[in-house]
Amino acid sequence: MPYGLLADAVVLAHAAFVAFVVLGGLLVLRWPRLAWIHLPVVAWGAGIEFTGGICPLTPLENHLRALAHQQGYAGGFVEHYVFGLLYPEGLTRNVQYALGSLVLVVNVAVYAWAWRRRGKGAGVTVSVRRPQPKP
């Protein structure tokens, strides 16, 4: 079985999840019902950063890499794939707090904007009047 390909698929799913955590509020602007999925995802993503936890997808990826006879990695997804590019010395707790805060600030701003936009349009009704034929 192609465990390496499965591990790569987990990485792609993990990256999509992280992108949805950070930017999913923008999708909620278009599809408001998506908030029921997005808000718990934001809570999970921020919670992982604030607690210093590891997302379950990371051990799954490492397990699949081991089955493919590839080397796994220590730490979390963000530390390995994202901060590996920006901060080669590693991810600190302060950086994790900053990331968790960034996730919350970005999403609170998007949701506040969506709420204001929705509130402004809530009391407005539009009626179309057709011209009456002249007798």
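If you're wondering where the values come from, they're calculated on a predicted model, not measured in any experiment.

**Q** Outline the packing of aromatic side chains, listing residues and values.
**A** All chains considered together, the criterion is met by one aromatic pair. Directly above the aromatic system of Y97 lies the positively charged group of R93, at a separation of 4.6 Å from the ring centroid. The ring of W113 has R117 lying over it, and the distance from NZ or CZ to the ring centre is 5.4 Å.

**Q** Let's hear about the nonpolar core: which residues, and what values?
**A** Counting residues in each nonpolar core, the largest one holds six residues, listed as F20, V21, V41, V42, A46 and V103. Every element with two or more residues in this core is listed here: α1 (3-30) and α2 (35-51). It is α2 that provides the largest number of residues to this core, a total of three residues. Once residues lying within four places of it in the same chain are set aside, the contact partners of A46 are G100, V103 and L104.

**Q** Any chance you could break down α2 for me, citing the residues and the numbers?
**A** Helix length check: α2, at 17 residues, gives a terminal C-alpha distance of 23 Å against a target of 24 Å (1.5 Å per residue), a fit within 8%. All of the buried residues along α2 are A35, H38, V41, V42, G45, A46, I48 and E49. All buried residues of α2 lie within an arc of 155° about the axis, which places them on one face of the element. Counted as exposed and oriented over 90 degrees from the buried face of α2: W36, A43 and T51.

**Q** Just give me the short version of the packing of α1 against helix α3 (residues 57-67), but keep the residues and values in it.
**A** Relative to each other, α1 and α3 sit at 160°, their axes nearing to 7 Å. Judged by the angle between their axes, α1 and α3 are roughly antiparallel. Crossing angle aside, the handedness with which α1 passes α3 is left-handed. Contacts from Y3, G4, L6, A7, D8, V10, V11 and H14 of α1 reach α3 at L57, T58, L60, E61, L64, R65 and L67. Along the lines of polarity and charge, the residues of the contact of α1 with α3 split into nine nonpolar, three polar and three charged.

**Q** Account for the pattern of salt bridges, naming residues and giving values.
**A** Enumeration according to the criterion identifies two salt bridges in this entry. Across the pair D8 and R65 runs a salt bridge, and its minimum N-O distance is 2.8 Å. Pair noted here: D8 is in helix α1 and R65 is in helix α3, with a separation of 57 residues, a long-range link. Classification of D8 as partly exposed rests on a relative accessible area of 37%. Ionic pairing is found between R65 and E61, a salt bridge with its closest N-O pair at 3.1 Å. Of this pair, R65 and E61 both sit in helix α3, four residues apart, which is roughly one turn of the helix.

**Q** A description of α1 should follow, citing residues and the corresponding values.
**A** Its axis deflected by about 65° at L23, α1 carries its strongest bend there. For α1, the set of buried residues is G4, A7, V10, V11, H14, F20, V21, G24, G25, V28 and L29.

What counts and what doesn't
Residues numbered from 1 in each chain as written. Predicted model: local features only at pLDDT ≥ 70, side-chain atom pairs only at ≥ 80, totals over all residues. Heavy atoms only, no water. Phe/Tyr/Trp six-rings, centres within 6.5 Å; stacked < 30°, edge-to-face > 60°. Lys NZ or Arg CZ within 6 Å of the ring centre and 35° of its normal. Core = buried A, V, L, I, M, F, W, Y, C linked by side-chain atoms within 4.5 Å. Buried < 20%, exposed > 50% of the residue type's maximum accessible area, 1.4 Å probe, protein only. Helix = DSSP H or I, 4+ residues; strand = E, 2+ residues; numbered from the N terminus. Contact = heavy atoms within 4.5 Å. Expected span 1.5 Å × (residues − 1). Arc of directions from axis to C-beta. Axes fitted to C-alpha atoms, helices over the stretch in contact; angles between N-to-C directions. Parallel < 35°, antiparallel > 145°, perpendicular 65-115°, else oblique. Left-handed = near helix turned anticlockwise from the far one by under 90°. Nonpolar A, V, L, I, M, F, W, Y, C, P; charged D, E, K, R; others polar. Salt bridge = Lys/Arg side-chain N within 4 Å of Asp/Glu carboxyl O. Bend = angle between axes of the 7 residues up to and from the residue.

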